[in-house]
Structures are given as structure tokens and as C-alpha cells.
Amino acid sequence: MPVAPFDGALAVVTGAGSGFGRATALALAERGATVIAADVDGAAAERTAALAGALGPAATACRVDVADAAAMERFAAAVRDGHRVPDIVVNNAGIAVSGPFLDTGLEDWDRIMGVNLWGVIHGCRLFGAQMAERSRALPTRPDRPNKGGHIVNIASAAAYSPSRALPAYCTTKAAVLMLSECLRAELAPERIGVTAVCPGFSETNIVRNARIVGMDEARAERLRALGQRGLRLRRYPPEKVAERIVEAIVKNKPVVAVNAEARLLRGLSRLSPAAMRLLARVPAPRVG
């Protein structure tokens, strides 16, 4: 019987309570990883851990707000002391803020930067340091160049697709993509892989839970419903994104544009930045 690709690995997944995070936690567990499912919603993390434990080795849940630096310090220490240094870290937790830049308040910026960017920074800094320390203590193995571990940061096709409707979200995801590229170069000598995953449209709860600025709540709720319906019609479940994440870890890929629109937009961003600037002017759908 073939050995699962992550047999014996320890994987930490943030934002594991639903969407990409849950699907990735389950995909890793199914392939042999012991999963630590972290989420700001402790009950949702517990459900993910129960599902992951049914598919693979025993899983653990942890409630943590990735935007809270002190909480992340405690979380990383608890993982190391209660388990060991993780082999895989998936910084997935994310939220959305939609609406014009001039209507986006400081509180909205603080929250989205805290989760989408600082959450990734905390995860990379704390677990990356643990991985690097372990890697330096390990003998070099030419047949296992990625022995030090692997970090996956969930960005978005929005990272390279400017939009007047999503300035805050696009800004944070672009930062995650660049951080991942820089960190990949820095950690390569430590045999630690870093991947930025950039999904396009997928059926998750991010639109349903989005903060929409610049309109009253009734119109915002109608816009959320419209966006959620569009994601359902796209028929690209988070499980497909999780499969691409698994592949990226196994193959140590630097950047993965997930699904057709993400790949198309990435190609267009390279070939014709002017076209992307024109697309950025398209407003959000009007709702009455």
C-alpha cells in the first residue's frame, strides 16, 4: 500500500472552520497529516477537527484570532510545546471588505489588514522561525530538498486584479502575494517552501460575511445575496482549491492561480496591465 504523501506530517491550518480552510484541513488529514485546525470560531474549528480526525490521524482544534499578535504568539508556542514544530502551515484566514476607498473607514482597514495581512505575517514569522531553527539542525538530504517544511499563504486572484469595488481586499491580497515571493527567496536556503495560492471565484462564505461600505444595510444585504448566488453558479467548490493546495505543497510551487478566471487574469496582468486598469473601472452591480 503506498504511503500517503503527508504521512507523519503535522499541519496547522488557520481559518479552518469553513471554506478553503476546512477543505484543506480535510485534504491534508486524508493524506496522512495530523491537523491542528485554528479558527476565530472555536465551535467551527472543533467540527473541522472532528471531520479531519475521522479521515486521518487525531486532529486538534484551537480558537485563535490571527489578527491578535499576542494570541498568535501563544498559539505558536502551544503547537511547538504540545506537539512539535509543524511541517505544513496554511495561512488561510481571511475576510472581505467591499466598497469605495473613500467610504472605507479606519476601523474597516484595521480589521481587514489585521486578518488578511497581519494574520499571514504572524503565521509566517512565528512558524517560519520554528521551521528554520529545526532545519538548521537537520542534515542536508539531496533527495528531500524541502525537509524544512512548507508555508502556504492564501492570497487571491484579486492580488493582481485591481478593482474599484474591492480596494481594501485587493490591497491586502497583493501584499500577501509579494510577502510570499520574498519569503520564498529568504527561506529557500533553509529548505522551506513557500507558496502563494490565488483562487478565483469559489463557493465559500466570504461574500456572505463581507462588510460592504458606501450603502445602507438593506442594499448591502441584497448585494451579498447576489454575490453568493454568483458563486454558487460558478460551481467551483473549496475542495477543488484544496486539491490544488495539496499539489502545490508536494511540488513546491511558488504561485498557484486556481481555476480558469484566476489564470486568465494572471496572464492578462502580465501581458496587458493597461487592460487590467480598464477592467478595474467596472463598478459593482447595482442593487435597488
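Scroll up for the structure.
Reference entry: report on the structure contained in this document.

How each quantity is defined
- Residues numbered from 1 in each chain as written.
- Predicted model: local features only at pLDDT ≥ 70, side-chain atom pairs only at ≥ 80, totals over all residues.
- Heavy atoms only, no water.
- Core = buried A, V, L, I, M, F, W, Y, C linked by side-chain atoms within 4.5 Å.
- Buried < 20%, exposed > 50% of the residue type's maximum accessible area, 1.4 Å probe, protein only.
- Helix = DSSP H or I, 4+ residues; strand = E, 2+ residues; numbered from the N terminus.
- Contact = heavy atoms within 4.5 Å.
- Expected span 1.5 Å × (residues − 1).
- Bend = angle between axes of the 7 residues up to and from the residue.
- Pairing = 2+ DSSP bridges.
- Axes fitted to C-alpha atoms, helices over the stretch in contact; angles between N-to-C directions.

Overview of the nonpolar core
Next up, step 1: One finds Val12, Phe75, Val79, Phe127, Ile151, Tyr160 and Leu177 to be the most contacted residues of the largest nonpolar core, which totals 38 residues.
Next up, step 2: Secondary-structure elements contributing two or more residues to this core are β1 (10-14), β2 (34-39), α3 (69-82), α4 (106-136), α5 (167-187), β7 (192-199) and β9 (255-258).
Next up, step 3: Of all the elements, α4 adds the most residues to this core, at eight residues.
Next up, step 4: Dropping the residues within four chain positions of it, Phe75 is found in contact with Val12, Ile36, Ala38, Cys62, Val64 and Phe127.
Next up, step 5: Ala9, Ala33, Ile88 and Ile154 belong to the second-largest nonpolar core, a separate cluster that totals 30 residues.

Focus: α4
Residues spaced three or four apart along an α-helix face the same direction, because each turn holds 3.6 residues.
Next up, step 1: Here α4 spans 41 Å end to end across 31 residues, near enough to the 45 Å set by a 1.5 Å rise per residue.
Next up, step 2: Of all the bends found along α4, the most pronounced is centred on Gly114 and spans about 40 degrees.

Thoughts on the environment of Gly128
Next up, step 1: Its place among the elements puts Gly128 in helix α4.
Next up, step 2: With a relative accessible area of 5%, Gly128 lands in the buried category.
Next up, step 3: Remark: the alpha-carbon pair of Gly128 and His150, spanning 22 residues in sequence, is separated by 8.8 Å.
Next up, step 4: Leave out the neighbours within four places in its chain, and Gly128 touches Gly123, Ile151 and Ile192.

Focus: the sheet that holds β1
Hydrogen bonding along the main chain pairs the strands of a sheet, whether they run parallel or antiparallel.
Next up, step 1: Spatially, the seven strands line up as an open sheet ordered β3-β2-β1-β4-β6-β7-β9, and their pairing is parallel. Two strands bound the open sheet, and with one partner strand each, they are β3 (60-63) and β9. Adjacent strand axes in the sheet meet at a mean angle of 15 degrees when their direction is disregarded.
Next up, step 2: Strand direction decides the pairing type here: β7 and β9, joined by four bridges, are parallel. Bridge pairing links Cys198 to Ala257 in β9.
Next up, step 3: Sheet strands touched by helix α1 (residues 19-30): β1, β2, β4 (88-91), β6 (149-154) and β7. Its angle to β1, the strand with the most contacts, is close to 170 degrees.

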